[in-house]
Amino acid sequence: MSERAVLHVKGRVLVGPDDVRDELWVVGGRISYDRPVGAHDVRTVEGWALPGLVDAHCHVGLGAHGPVGDDVAEKQALADRDIGTLLIRDAGSPSDTRWVDDREDLPKIIRAGRHIARTRRYIRGYAHEIEPEDLVAYVAQEARRGDGWVKLVGDWIDRDLGDLAPTWPREAVEAGIAEAHRLGARVTAHCFAEDSLKDLVEAGIDCIEHATGLNDDLIPLFAERGVAIVPTLVNIATFPKLADGGEEKYPRWSAHMRRLHERRYDTVRSAYDAGIPVFVGTDAGGTLPHGLAAAEVAELVTAGIPALDALAAATWAARTWLGRPGLEEGAAADLVVYESDPRTDVRVLAAPRRIVLNGRIVG
């Protein structure tokens, strides 16, 4: 398409779960619901259109051993884009990916800065590893570096205990979260187990990643405080293999990881039933490949979340939560077109017909 070309999307445009229109126009990279006057160079795409998918837990610029080069980060971002993920919340990365913002052909990224972890209590090369007395200072630093989010590591294996355990004392997370909020940033935390969750939620945290430790005692607290979860079920699927690898040295940890895995679908469905906001995230980067957003939506459906709400967790609801527009008049035209209705069968998300980013067809 040329710079002056007009794109006409027709068929069924899913502006919202209950707002379905027959067509939209893309003029100058922006969405319009009014037919442009005097348009001559028009390209038409037909099908079912959705806002670009959201991966709310993704790590562009992160590899198995820490930061990767820009060439690898580019391939990661392209893999996400090519499945229709056009908005990423980068939930922690040691790489500087600001250069992506200058690329019209790559997904938009909302950054949470670099992970903040306790010394020797996370994957080597990923995080700032600090002690509790330094948490407020590092939260302030990452709040200023990020795009309105800060990422804590809330629990990890304690080698002396031989099991998952909280990484921060209550007073430290209270002070850290308060500092982030003072600076206008929200806070999320990596949490696999149960024990760290109550303190984090009561300290005012905004979101929990993975949240496999949610149980009947904790769910009402999450619901009351409106704390969102991003379950990353495609990542939780790796727990049995991780448990097998640690069985000999940390049998207690391995057994715990298997229990968390076994109840993962019940955990997510119970959270949804209680009204806890649930969003799509893949945990791509590190050891997981990129481009898994469609698979994660399907996992939410397998967990028992209705298809329309699982779809919303990757589109309309996710964009509202992150403060980014969808298919609104005047918004940047970031959308994906499918052969059939994704509300009926979310599996169609794995095969986009056309991908439009900043008003240009890129796939």
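Residues numbered from 1 in each chain as written. Predicted model: local features only at pLDDT ≥ 70, side-chain atom pairs only at ≥ 80, totals over all residues. Heavy atoms only, no water.

### A word on the packing of aromatic side chains
Considering all chains together, one arrives at six aromatic pairs under this definition. Geometrically, the ring pair formed by Y122 and Y126 is edge-to-face, given 6.0 Å between the ring centres and 75° between the ring planes. With relative accessibility at 10%, the residue Y122 sits in the buried group. Look at Y126 and you get buried, because its relative accessible area is 5%. Seen from their ring centres, F279 and W321 are 4.2 Å apart, and the 10° between their planes marks the pair as stacked. Of the two residues, F279 sits in the loop between α9 (264–273) and α10 (293–302) while W321 sits in helix α12 (residues 316–322), which places them 42 residues apart along the sequence. Pairwise contacts between aromatic rings join Y122, Y126, W156, F192 and F239 into one cluster. Residue placement shows R21 over the ring face of Y33; its charged tip is 4.3 Å from the ring centre. For the cation-ring pair, R89 lies above W149, with the distance from its terminal atom to the ring centre recorded as 4.6 Å. (Phe/Tyr/Trp six-rings, centres within 6.5 Å; stacked < 30°, edge-to-face > 60°. Buried < 20%, exposed > 50% of the residue type's maximum accessible area, 1.4 Å probe, protein only. Helix = DSSP H or I, 4+ residues; strand = E, 2+ residues; numbered from the N terminus. Lys NZ or Arg CZ within 6 Å of the ring centre and 35° of its normal.)

### Here we look at the sheet that holds strand β2 (residues 19–27)
Paired through their backbone hydrogen bonds, the strands of a sheet run either parallel or antiparallel. Spatially, the seven strands line up as an open sheet ordered β3-β2-β1-β4-β18-β19-β20, and their pairing is mixed. Because the sheet does not close on itself, it has two edges, and the strands there are β3 (30–32) and β20 (360–361). Pairing of strand β19 (residues 354–357) with β20 involves two bridges; the strand directions are antiparallel. Its bridge partner lying in β20, L357 is registered against R360. (Pairing = 2+ DSSP bridges.)

### A closer look at the pairing of strand β18 (residues 335–338)
Side-chain alternation along β18 places L335 and V337 on one buried face and V336 and Y338 on a second face that is also buried. As defined by bridge partners, strand β4 (residues 42–51) adjoins β18 across four bridges and the pair is classed as antiparallel. Across the sheet, the residue bridging to P51 is L335, located in β18. Looking at chain direction, β18 and β19 are connected through three bridges and run antiparallel. Within β19, the position partnered with V336 by the bridge is I355.

### Here we look at the packing of helix α2 (residues 135–145) against helix α3 (residues 170–182)
Between α2 and α3, whose axes approach to 9 Å, the crossing angle comes to 30°. Regarding the angle of α2 to α3, the classification is roughly parallel. For the pair α2 and α3, the crossing hand works out as right-handed. Together, L135, V136, V139, A140 and R144 of α2 and A172, V173, A175, G176, E179, A180 and R182 of α3 make up the contact between the two elements. Class assignment of the residues belonging to the contact of α2 with α3 gives a composition of eight nonpolar, one polar and three charged. (Axes fitted to C-alpha atoms, helices over the stretch in contact; angles between N-to-C directions. Parallel < 35°, antiparallel > 145°, perpendicular 65-115°, else oblique. Left-handed = near helix turned anticlockwise from the far one by under 90°. Contact = heavy atoms within 4.5 Å. Nonpolar A, V, L, I, M, F, W, Y, C, P; charged D, E, K, R; others polar.)

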